[in-house]
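In case you want the letters, here they are:
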Amino acid sequence: FGASKNIKCKKTKQKNLEKKFQIVSNNMSKYNSEFLKKNNIKFLILCENLFVSKINTGGIPNHIKRSLILDIDFNPYFFERMIHHEIFHMIQNSNKNLFNEDYWIKLNDKNFKYAECSTCSDRLGLEMYETTYGFLTEYSQSIPSEDMAEIFSFLMINKIEIENKSKKDKILENKIKFIELSLSKIDKSFKF
């Protein structure tokens, strides 16, 4: 895989594929085909033990090949959310003008700073914070695109809980509004 062969994963075991295929299918059915097409998502590749540049990962959006690569062996607790997280990266890449990272950064507390890159950050936790302060997970504090993807993935899996958290967190509330407004510009009928 990959232009410089830096993406590696193993073929899925039949037993694992049978167990996870319905989960993947159910989550993909939340998007209509036109929405997927608009966001350059044509192929879904399922594998196990996925690595990019020797870093284990749950999924990789491949914009050039219009493909989403998912590790079906990813932590089961986060698996469904990971699917939507990676789909968001495809959405953002297809609509960079709508998901402006400079604007996003200004939504945060003025003293907060993201890391230079997601892989050079030690902010890796995927557990949802009890108290958010503008961020849902530790990983969402790594870089703006990961922050957006984390919020999007939670909205796709548990919108009510996230909206309840945002009632106590103005930064989070503004981030959710930004994502909802941007998505409505892609597809007026999009629903979480």
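Refer to the preceding data block for the structure.
Residues numbered from 1 in each chain as written. Predicted model: local features only at pLDDT ≥ 70, side-chain atom pairs only at ≥ 80, totals over all residues. Heavy atoms only, no water.

Some remarks on the nonpolar core
Link 1 in the chain: Among the nonpolar cores identified, the biggest contains 43 residues, and Phe99, Phe152 and Leu183 are the most heavily contacted of them.
Link 2 in the chain: Residue assignment for this core shows that the elements contributing at least two residues are α1 (14-28), α2 (33-38), β5 (67-71), α3 (79-94), α4 (101-107), α5 (144-166) and α6 (170-186).
Link 3 in the chain: Beyond its immediate chain neighbours, meaning those up to four positions away, phenylalanine 152 contacts Tyr31, His84, Phe88, Ile91, Ile179, Leu183, Phe190 and Phe192.
Link 4 in the chain: If you look at the next biggest cluster of nonpolar residues, it comprises 6 residues, including Ile7, Leu50, Ile60 and Ile69. (Core = buried A, V, L, I, M, F, W, Y, C linked by side-chain atoms within 4.5 Å. Buried < 20%, exposed > 50% of the residue type's maximum accessible area, 1.4 Å probe, protein only. Helix = DSSP H or I, 4+ residues; strand = E, 2+ residues; numbered from the N terminus. Contact = heavy atoms within 4.5 Å.)

Re the environment of glutamine 92
Link 1 in the chain: Along the chain, the position of glutamine 92 falls in helix α3.
Link 2 in the chain: Taking C-alpha positions, glutamine 92 is 13 Å from glutamate 180, a pair spaced 88 residues apart along the chain.
Link 3 in the chain: The contacts of glutamine 92, once residues within four sequence positions are left out, are Phe99, Glu101, Ser145 and Met148.

Let's talk about the side chain of glutamate 86
Link 1 in the chain: Examined against the element boundaries, glutamate 86 turns out to sit in helix α3.
Link 2 in the chain: Buried charged residue glutamate 86 carries no salt bridge. Nearest counter-charge: arginine 81, at 9.9 Å.
Link 3 in the chain: Filtering out sequence-adjacent residues up to four positions away, glutamate 86 remains in contact with Gly59, Ile60, Pro61, Leu68 and Leu70. (Lys, Arg positive; Asp, Glu negative; His and termini not counted. Salt bridge = Lys/Arg side-chain N within 4 Å of Asp/Glu carboxyl O.)

Examining the state of the cysteines
Link 1 in the chain: Within this structure, the stated rule accounts for 1 disulfide.
Link 2 in the chain: Two residues share a disulfide in this structure: cysteine 9 and cysteine 47, whose sulfurs sit 2.5 Å from each other. Between cysteine 9 and cysteine 47, the disulfide has an S-S torsion of -115 degrees and is therefore left-handed. Placement of cysteine 9 in strand β1 (residues 7-10) and of cysteine 47 in strand β2 (residues 43-52) is noted, with a sequence separation of 38 residues between them. (Disulfide = S-S within 2.5 Å.)

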